[in-house]
Amino acid sequence: MDTEPSDNKQPSPLVLNGVFTQGALLRGEVPINATVTLNDAAVPTNRDGKFVIGFERTAPLEHTLTVTLADGSETVRHISLEKREYNIQRIDGLEQKMVTPPASVTQRIKQDNINVAKARSTNSDLDALFTRFTWPAKGPITGVYGSQRVLNGVPKWPHYGVDVGAPTGTPVYAPVDGIVTMAEDLYYSGNTLILDHGMRVFSTFLHLNSMTVNVGDRVKKGEQIGTIGETGRATGPHLDWRINLGKMRLDPQTIVSGTPE
């Protein structure tokens, strides 16, 4: 809670919204010219005093957010996160080259990683992420954030997206306004689109069958950007939707309500 006296009738200078759990993206607002720190690390604010913070898959459960106003007064918010339990998913029968890629594609994978990092490196002044997100496709949820995947018996990186299963060709839409920063075929994720929503928040859409927008395009919420497919390392047609705050991988289900069905 804020550290103001309980009988202080003045409204708090801090508004903070989101799901208080590991893997979450939180959106906040403070008065213009106020500064924000999370655990003593500076948090950028935009010209309207809006900011975003995120907590990784296994983030500590206790955090301190401090708001310092222009007059030097401070408000401290103690954040307690809910601890999450993650599922283990076992997938067998994959081609061995998709579990342990051959040496011949190592350089391509390295370049893919460089290109993805570049596509998520901008810090634009867009603030579309402060509007309501919608599901980018319709279908059942077939995979969730944070789950550990074991491929052909080999433990791999945790899954950092939410999967929506649907037939190849099912439309995929922008969940909120954004600018396309990647539209490329990658070794692991196949046809991959990245949208910049502003303030270092990005959506990534993996395994697409087709991409109907190009790098540099500005897209509106609800505009079709591609279709569901099974390109790259996929065992069937589905959309893998991911949310990043810079390099931090977060859970899309913490910023969208309901289900995609």
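Just above, that's the structure.
Since we're looking at a predicted model, the values are computed, not measured.

Trainee: Just checking my understanding: could you explain the nonpolar core for this structure?
Mentor: Note that soluble globular proteins tend to have their nonpolar side chains buried in a common cluster. F133, F205, I225, L239 and W241 are the most contacted members of the largest nonpolar core, which has 31 residues in total. Once residues lying within four places of it in the same chain are set aside, the contact partners of L239 are P136, A137, V162, D163, V164, V172, F205, L206, L208 and I228. By size, the runner-up hydrophobic cluster in this structure holds 17 residues, among which are A24, L26, A34 and V36.

Trainee: Which parts of the structure should I look at to understand the sheet that holds strand β2 (residues 25-29)?
Mentor: In any sheet, the strands associate via hydrogen bonds between backbone groups, in a parallel or an antiparallel arrangement. The strand order across the open sheet built from 3 strands is β1-β2-β5, with neighbouring strands paired in antiparallel fashion. Of all strands in the sheet, those with a lone pairing partner are β1 (15-17) and β5 (50-54), marking the two edges. Across this sheet, the average inter-strand angle for adjacent strands is 20 degrees, counted without regard to direction. Judged from the 3 bridges that link them, β1 and β2 form a sheet pairing that is antiparallel. Across the sheet, the residue bridging to N17 is R27, located in β2.

Trainee: Honestly, the environment of V215 in this entry has me stumped. Any pointers?
Mentor: If you trace the backbone, V215 turns up in the loop between β16 (201-211) and β17 (218-219). Considering only alpha carbons, one finds V215 and M182, 33 residues apart in sequence, at a separation of 5.6 Å. Setting aside anything within four residues of it in sequence, one finds V215 in contact with V180, T181, M182 and A183.

Trainee: Which parts of the structure should I look at to understand unusual backbone geometry?
Mentor: Working note: non-glycine residues mostly have negative phi, and peptide bonds are mostly trans. Located in the positive-phi region is N33, a residue other than glycine, with phi close to 80 degrees. Turning to its location among the elements, N33 is positioned in the loop between β2 and β3 (35-38). Residue N33 is classed as exposed on the basis of its relative accessible area, which comes to 64%. Even without a glycine there, the phi angle at R200 is positive, about 70 degrees.

Trainee: Would you take a moment to explain the pairing of β16 for this structure?
Mentor: In terms of burial, β16 is largely enclosed, as 8 of its 11 residues are buried. Joining the antiparallel neighbours strand β15 (residues 190-198) and β16 is a turn of 2 residues, in which M199 adopts a positive phi near 55 degrees. Sheet topology note: the β16/strand β19 (residues 238-245) ladder contains 6 bridges and is antiparallel. Paired with S203 across the bridge in β19 is I243. Pairing of β16 with strand β18 (residues 224-228), which is carried by 3 bridges, proceeds in the antiparallel orientation.

Trainee: I keep staring at the pattern of salt bridges and nothing clicks. Help me out?
Mentor: Where side chains of opposite charge bring their charged atoms close, a pairing between them can arise. Inspection of every chain in the model, using the stated rule, returns 7 salt bridges. Residue R47 pairs with D125 through a salt bridge whose shortest N-O separation is 3.8 Å. Of this pair, R47 sits in the loop between β4 (41-43) and β5 while D125 is found in the loop between α2 (106-119) and β9 (141-143), placing the two residues 78 residues apart along the sequence. Between D177 and K220 there is a salt bridge, with its nearest N and O atoms 3.8 Å apart. Of this pair, D177 sits in the loop between β13 (171-173) and β14 (178-186) while K220 sits in the loop between β17 and β18, placing them 43 residues apart in sequence. Judged by its relative accessible area of 55%, K220 is exposed.

Trainee: Quick question: what am I supposed to make of the sheet that holds β3 here?
Mentor: Reading across from one edge, β4-β3-β6-β7 is the order of the 4 strands in this open sheet, with antiparallel pairing throughout. Every other strand in the sheet has two partners, leaving β4 and β7 (74-80) as the edge strands with one partner each. On average, adjacent strands in this sheet sit at an angle of 25 degrees to one another, irrespective of strand direction. Here strand β6 (residues 62-68) runs beside β7; their pairing, made up of 7 bridges, is antiparallel. Bridge assignment links L65 to a residue of β7, and that residue is R77.

Trainee: Mind showing me how you'd approach the side chain of H159 here?
Mentor: With respect to the helices and strands, the residue H159 is situated in the loop between β11 (154-158) and β12 (162-165). A polar contact of 3.2 Å, which involves the side chain of H159, links it to the backbone oxygen of G161. At 3.1 Å, the side chain of H159 and the side chain of D163 are in polar contact. Ignoring any residue separated from it by four or fewer positions in sequence, one finds H159 in contact with G143, V144, Y145, G146, S147, R149, D240 and R242.

The rules behind these values
- Residues numbered from 1 in each chain as written.
- Predicted model: local features only at pLDDT ≥ 70, side-chain atom pairs only at ≥ 80, totals over all residues.
- Heavy atoms only, no water.
- Core = buried A, V, L, I, M, F, W, Y, C linked by side-chain atoms within 4.5 Å.
- Buried < 20%, exposed > 50% of the residue type's maximum accessible area, 1.4 Å probe, protein only.
- Contact = heavy atoms within 4.5 Å.
- Pairing = 2+ DSSP bridges.
- Helix = DSSP H or I, 4+ residues; strand = E, 2+ residues; numbered from the N terminus.
- Axes fitted to C-alpha atoms, helices over the stretch in contact; angles between N-to-C directions.
- Salt bridge = Lys/Arg side-chain N within 4 Å of Asp/Glu carboxyl O.
- Polar contact = N/O pair within 3.5 Å; in protein donor to acceptor, adjacent residues only side chain to side chain.

Honestly, it's all geometry; don't read function into it.
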